[in-house]
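# Architecture at a glance
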Amino acid sequence: MNTATQSPKPRVAIHKFASCSGCQLAFVNMGTDLIELTKLVDIVHMVEVGHVAPEDEQVDIAFIEGSITTPHDVERLKKIRANSHYLLTMGACATSGGIQALRNNADTAEWMRSVYAKPEYIESLSTSAAIANHVKVDFELWGCPVSVRQMLAAIRSLLFGVPPVISREKVCQECKRRGNNCIMITQGSPCMGPVTRTGCGALCPTFGAPCYTCYGPAESINAASFGVRLMGLGLSAEQVARKFASVNNAAPAFSEATQLFSGSAWMEE
Amino acid sequence: MNEMRYFPREKLATLIAAIKEAGYRVIGPRVEPGQGGLVYCEIAGAEDLPQGLSDEQSPGRYRLVPNGSKRYFAWANTASAIKPYVFVPRERLWSVVRKEGRLHFEPTHGQAEKTAIIGARACDLAALALQDAHFLRGKYVDTYYRARREKLLLVAVNCSHAASTCFCASTGDGPEVSGGYDILLDELDEGFIVRVGSSRGAMLMTDFPTTAATTEQIALACAQGEACRTAQTRRLPDEHLLPRLMQNLESPIWDDIAERCLACGNCTAVCPSCFCHREFDNPALNGKTTEHWRDADSCFSEDHSYLVGEVVREHTRARYRQWMTHKLATWVEQYGRTGCTGCGRCTTWCPAGIDFALEANRLLADEEGAR
Ligand code: SF4
Ligand code: SF4
């Protein structure tokens, strides 16, 4: 899979768009695996650690952090896609549009005027979009931030020449494997596990906190029934809508759920 | 062997100490505040047991409530008991090392610890027998399961309290334990009636001081079992009717259930007889070694029915139908009885509050109406 000629090792790039850089930080923070990784691949581009390569640099694996929010982003992303063998999204922003996609239903021009002294200098799209809305994505790694274990597993699979295994099951499955009692059942806690994709190892419910939807929608979710259940625990319809409208608010299954329970487009109240 | 003996409550600590002395790690129910309920985990002694608590269970709800008594076992059950200690929900099965161009396979030899489980109920023991029928079956014995199963010591307790979700009387599995234990307790206000059910149990009880249980004590124990049976309001349809579920696969009731079901698989995870699992590999980053793992799986996950490139049970309707028809109907062909022992966990721990026994009754009533 080595597409570049000058290096014997597969080449990896990590690109940033609109994001908090948390996924890149998680990546940098992986510990000794990072040393092992650099023996296997060349990280040719990662601004966070000071490696800067031009966008038309040919790479084998490109990870994309962040969402697409400006016309310039679109151009840059297209170049990256054209020059990358595999393109993977890392994290909620790249995969669904991120928390910043909450603005998708707001009046961007109005917001711009209220925030910036000279809005005419700002060139921005009216939405924060997932990478897949603009280019073909080969594999999606969800999470806020992304799970480094999943990133490494994806790289390992691609090096072996097989597609990464990506599970879409619910957080509940992992929660139960950890031997937890369900906090929704024992405490009426509004845990989003039954609609959220696995990946975190059921981190929050294991410590008694309700799941926040970091990994986006799981497969076959039943948002209508689940939302009604949350209302049975005492949440208002608006609170249910807000539960779905978190870091993955623009993931289709969650934005539909948000609309269902808010009764109107988000952010208009 | 089944002589009924008696010991006062404070001696339970001594019994647990004797079990530890014999080299067992002791697993028992303990209040876990963060988890808001009881969890079977390693306990130091009787002081960790949930004294003076009862449970309130209903579809989708579980609460512990103080009952003012000194009893340790005045509750029905909790999310799990024996299952995770024999069918471990995640375990490494083997690993492979690449050396000199060859692959070397190394099994993870099940070095099971001697484990005692205190407080197993009738439904748990009946379900353990079902797990045995699956994992220890004929030529295809699961050696990982067997290693743990052989080291298991079971201290069972007859139920004196039924939750609203319990229906073991209708499946014939409870509330009294009928077998499969090493030591069996009946908890009374002042102490315990004790019986031994195996030579292992008898060994442990040899030096343990007991007195003969009085007729009065035995009558009290029988009465509380009887009260527990009559307190049960839910029931599964009669076993001979259950195969008819297979003639009702197109009932609109399956759609009605699927409208509520979250396909989260909590029901299968807490079910003491569910045994489905999947295997996966976890290669080291350097690509030189890999580990092969097993996870508990659920028929509510898409991967479970992924066959030759497609998900066979795409819709939740098909997944719920698979779960119920397997548990109540096709299980009989496989294992000679249904897979349900009436513990009610699937109902209590269902975030959508779907009532398994009620739905089974509705489906059969519908079938009778349709024909
Ligand atoms: S605590 Fe949350 S993740 Fe865990 S089983 Fe309950 S709903 Fe699912
Ligand atoms: S029946 Fe309940 S516990 Fe089972 S998958 Fe459906 S919602 Fe989850």
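Residues numbered from 1 in each chain as written. Chains lettered and ligands numbered in written order. Predicted model: local features only at pLDDT ≥ 70, side-chain atom pairs only at ≥ 80, totals over all residues. Heavy atoms only, no water.

### Things to note about the overall build of chain A
In terms of helices and strands, chain A carries 12 helices and 5 strands. For a compact globule of 269 residues, the expected C-alpha radius of gyration is about 18 Å, and chain A comes in at 20 Å, within 12% of that figure. Along the three orthogonal principal directions, the C-alpha set of chain A runs to about 60 × 55 × 25 Å. Out of the 269 residues in chain A, the part that is buried amounts to 54%. Surface accessibility of chain A: about 11,500 Å² in total, with carbon and sulfur atoms responsible for 56%. Side chains of chain A carry 23 positive and 24 negative charges; the gap between the two charge centres is 6 Å. (Helix = DSSP H or I, 4+ residues; strand = E, 2+ residues; numbered from the N terminus. Rg over C-alpha atoms; globule rule 2.2 N^0.38 Å. Buried < 20%, exposed > 50% of the residue type's maximum accessible area, 1.4 Å probe, protein only. Areas by Shrake-Rupley, 256 points an atom, 1.4 Å probe, with all protein chains shown as cover. Lys, Arg positive; Asp, Glu negative; His and termini not counted. Charge placed at Lys NZ, Arg CZ, Asp CG, Glu CD.)

### Things to note about the environment of threonine 206 of chain B
Structurally, the position occupied by threonine 206 of chain B is in the loop between helix H6 (199-205) and strand E14 (211-212). Within the structure, the side chain of threonine 206 of chain B is placed 2.3 Å from the backbone oxygen of methionine 203 of chain B, a separation counted as a polar contact. (Polar contact = N/O pair within 3.5 Å; in protein donor to acceptor, adjacent residues only side chain to side chain.)

### Quick notes on the sheet that holds strand E3 (residues 59-65) of chain A
All names here are of chain A. Pairing is parallel across the open sheet formed by 5 strands, whose spatial order is E2-E1-E3-E4-E5. Each of the sheet's edge strands pairs with one partner strand only, and the pair in question is strand E2 (42-46) and strand E5 (139-141). Ignoring which end each strand starts from, the neighbouring axes of this sheet average 20 degrees apart. When strand E4 (residues 84-90) meets E5, the two strands line up parallel, connected through 3 bridges. Each residue of the ladder has a partner; that of leucine 88, found in E5, is phenylalanine 139. (Pairing = 2+ DSSP bridges. Axes fitted to C-alpha atoms, helices over the stretch in contact; angles between N-to-C directions.)

### Side note on unusual backbone geometry
Of the consecutive residues cysteine 144 of chain A and proline 145 of chain A, the connecting peptide bond is found in the cis state with omega at 0 degrees. Tracing the chain through its elements places proline 145 of chain A in the loop between E5 and helix H6 (148-160). In this structure, proline 175 of chain B follows glycine 174 of chain B across a cis peptide bond, with omega equal to 0 degrees. Its location among the elements puts proline 175 of chain B in the loop between helix H5 (168-171) and strand E12 (183-187). Notably, threonine 213 of chain A is not glycine yet its phi reads approximately 75 degrees, a positive angle. Position of threonine 213 of chain A among the secondary structure elements: in the loop between helix H9 (203-206) and helix H10 (223-232).

### Considering the site of ligand 2
Around ligand 2, the surrounding shell holds 13 residues, and the nearest of these are Cys261, Leu262, Cys264, Cys267 and Cys350 of chain B. Here the shell around ligand 2 is built from residues that sort into 11 nonpolar, 2 polar and no charged. (Near = heavy atom within 4 Å. Nonpolar A, V, L, I, M, F, W, Y, C, P; charged D, E, K, R; others polar.)

### Details of the pairing of strand E4 (residues 53-58) of chain B
Residues and elements named next belong to chain B. Sheet topology note: the E4/strand E5 (residues 61-66) ladder contains 6 bridges and is antiparallel. Paired with serine 54 across the bridge in E5 is valine 65. Taken together, E4 and the strand that follows it, E5, pair antiparallel across an intervening segment of 2 residues, in which glycine 60 is found at a positive phi of about 80 degrees.

### Observations regarding the site of ligand 1
The environment of ligand 1 is made up of Val171, Cys172, Cys175, Lys176, Cys182, Ile183, Cys191, Gly193, Pro194 and Pro205 of chain A together with Asn266 of chain B. More than a single chain frames ligand 1: its nearby residues are located in chains A and B. Classifying every residue of the shell around ligand 1 gives 8 nonpolar, 2 polar and 1 charged.

### Side note on a nonpolar patch on the surface
All names here are of chain A. Side chains of Val115, Tyr116 and Ile122 sit close together on the surface and give an oily, nonpolar patch of about 270 Å² of accessible area. Tracing the backbone shows tyrosine 116 in the loop between helix H5 (108-115) and E5. Using a relative accessible area of 41% as the deciding quantity, one classes tyrosine 116 as partly exposed. (Patch = residues over 30% accessible without salt bridge, like charges linked within 9 Å, V, L, I, M, F, W, Y side chains within 5 Å. Salt bridge = Lys/Arg side-chain N within 4 Å of Asp/Glu carboxyl O.)

### Description of the interface of chain B and chain A
Between chain B and chain A, the contact holds 48 residues from the first and 35 residues from the second. Approximately 3,100 Å² of surface area, both sides summed, lies buried where chain B meets chain A, with 48% of it carried by carbon and sulfur atoms. By the criterion of area lost to chain A, the three top residues of chain B are Gln35, Leu262 and Leu285 of chain B, representing 25% of everything that side buries. Across the contact surface, chain B and chain A share 5 salt bridges. Between glutamate 174 of chain A and arginine 90 of chain B there is a salt bridge, with the nearest N and O atoms lying 2.9 Å from each other. In this structure, the connection of chain B to chain A is made through 27 residue pairs in polar contact (both at pLDDT 80 or more). Residue assignment for the side of chain B that touches chain A shows that the elements contributing at least two residues are strand E3 (37-42), E5, strand E6 (90-99), helix H8 (252-260), helix H9 (266-270), strand E15 (277-283), strand E16 (289-296) and helix H10 (316-335) of chain B. Top contributing element to the side of chain B that touches chain A by residue count: H9 of chain B, with 4 residues. When grouped by side-chain class, the residues that make up the side of chain B that touches chain A number 21 nonpolar, 15 polar and 12 charged. (Contact = heavy atoms within 4.5 Å. Buried area = accessible area lost by both parts, 1.4 Å probe.)

### A word on helix H7 (residues 215-230) of chain B
Residues and elements named next belong to chain B. For H7, which comprises 16 residues, the first-to-last C-alpha distance of 22 Å matches the rise-based estimate of 22 Å (1.5 Å per residue) to within 8%. Along H7, the positions that sit buried rather than exposed are Gln217, Ala221, Gln224, Gly225 and Cys228. Projected onto a plane normal to the axis of H7, the buried residues spread over an arc of 100 degrees and lie on a single side. Away from its buried face, by an angle of more than 90 degrees, H7 presents the exposed residues Thr215, Glu216 and Thr230. Buried positions along H7 lie against strand E1 (5-8), E12, strand E13 (191-196) and E14. (Expected span 1.5 Å × (residues − 1). Arc of directions from axis to C-beta.)

### Points about the sheet that holds strand E11 (residues 152-157) of chain B
Sheets are built from strands that pair by backbone hydrogen bonding, the pairs being arranged parallel or antiparallel. Residues and elements named next belong to chain B. Ordered in space as E3-E2-E8-E11-E12-E13-E1-E14, the 8 strands form an open sheet in which the pairing is mixed. Of all the strands in the sheet, the pair left with one neighbour each is E3 and E14. Of the strand pairs in this sheet, E12 and E13 are connected by 5 bridges, and their pairing is antiparallel. Residue aspartate 186 lies in a different strand from E13, and its bridge partner there is isoleucine 193.

### A few points about the pairing of E3 of chain B
All names here are of chain B. In terms of residue burial, E3 counts as a mostly covered element, since 5 of its 6 residues are buried. Across 6 bridges, the pairing between strand E2 (residues 25-32) and E3 is antiparallel. Within E3, the residue paired with glutamate 32 across the bridge is glycine 37. Here E2 hands over to E3 after 4 residues, with glycine 36 in that stretch at a positive phi of 60 degrees.

### Observations concerning the domain arrangement of chain B
All names here are of chain B. Split into domains, chain B comes out as domain 1 (5-230) and domain 2 (239-365). Centre-to-centre separation of domain 1 and domain 2, based on C-alpha positions: 25 Å. Taken together, the contact pairs 42 residues of domain 1 with 43 residues of domain 2. Between domain 1 and domain 2, a total of about 3,500 Å² is buried, with carbon and sulfur atoms accounting for 55% of that surface. Seen at the junction of domain 1 and domain 2, the total is 6 salt bridges. (Domains from an automatic or database assignment.)

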